[in-house]
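Take a look at the letters that make up each chain.
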Amino acid sequence: MIKITVVSDSHGNRRALDGLDTVFSESDIIIHLGDTSADGSYIQSKFPKTILINGNCDPIKLGEDEKVIQVEDIKIFLCHGHLYSAKTTLLKIAARAKELGCSIALYGHTHRPREDFENGVTLLNPGALYRYGEKSYLYLVVNGEKFTAKAVPLNQ
């Protein structure tokens, strides 16, 4: 069983990131889906198990634009979402994930937590840790070929 914490769109809100240190320490994998990847690098300095993805507000690219990871028996596609028009459609992300043989796609960019199912792919958005508005992150547990995901509101 692998525990994954996914954050996105922190936009410099280090206070919210610091508030997740206990969750991060209990996770097997941490994923920062961009905006800003410097925040992901900040997490990575404390927790080397962090994977960084670049977003559209990342002037210095510290991560990758997209990545596929294998977690137990599940392939997961990681992207920020801006390169796939995530604010208007999820079909492009689902198509890319399917093309890469992934059954899960993690994306950010919209600042809203979501769980959708398109073309055989589960699409999960952790929401945002931006200073303004509601904050949330995603807690994902993978066990073999099964998974469970929960968007968790953060009151900071």
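Given the structure is predicted, the values throughout are model-derived calculations rather than measurements.

Trainee: How should I be thinking about the state of the cysteines in this particular structure?
Mentor: One way to say it: the disulfide is the covalent bond shared by the sulfur atoms of two cysteines. Applying the stated criterion across every chain yields a total of 0 disulfides. No disulfide involves Cys79; its sulfur sits 10 Å from that of Cys102, the nearest cysteine.

Trainee: I'm lost on the pattern of salt bridges in this one. Help?
Mentor: Pairing of side chains with opposite charge becomes possible as their charged atoms draw close. Applying the stated criterion across every chain yields a total of 7 salt bridges. With its nearest N and O atoms 2.6 Å apart, the salt bridge here joins Arg96 to Glu66. Here the residue Arg96 occupies a position in helix α4 (residues 91-99), and Glu66 occupies one in strand β4 (residues 66-71), the gap between them amounting to 30 residues. Judged by its relative accessible area of 22%, Arg96 falls in the partly exposed class. Overall, Glu66 belongs to the partly exposed group, its relative accessible area being 22%. Of the charged contacts, one joins Asp116 and Arg114 as a salt bridge, the two residues approaching to 2.8 Å between their closest N and O atoms.

Trainee: Can you walk me through the packing of aromatic side chains in this structure?
Mentor: We describe a pair of aromatic rings using the distance from one ring centre to the other and the angle between the two ring planes. Evaluation of the coordinates by the stated rule reveals 2 aromatic pairs. Aromatic pair Phe24 and Phe47: ring centres 5.8 Å apart, planes at 65°, arrangement edge-to-face. Residue Phe24 is located in helix α2 (residues 21-26), and its partner Phe47 is located in the loop between α3 (37-46) and β3 (50-52); the two are separated by 23 residues in the primary sequence. Judged by relative accessible area, Phe47 falls into the buried class, the value being 12%. An angle of 85° between the planes, with centres 5.9 Å apart, marks the rings of Phe77 and Tyr84 as edge-to-face.

So, how was this worked out
- Residues numbered from 1 in each chain as written.
- Predicted model: local features only at pLDDT ≥ 70, side-chain atom pairs only at ≥ 80, totals over all residues.
- Heavy atoms only, no water.
- Disulfide = S-S within 2.5 Å.
- Salt bridge = Lys/Arg side-chain N within 4 Å of Asp/Glu carboxyl O.
- Helix = DSSP H or I, 4+ residues; strand = E, 2+ residues; numbered from the N terminus.
- Buried < 20%, exposed > 50% of the residue type's maximum accessible area, 1.4 Å probe, protein only.
- Phe/Tyr/Trp six-rings, centres within 6.5 Å; stacked < 30°, edge-to-face > 60°.

Keep in mind that these numbers describe shape and distance, not what the molecule does.
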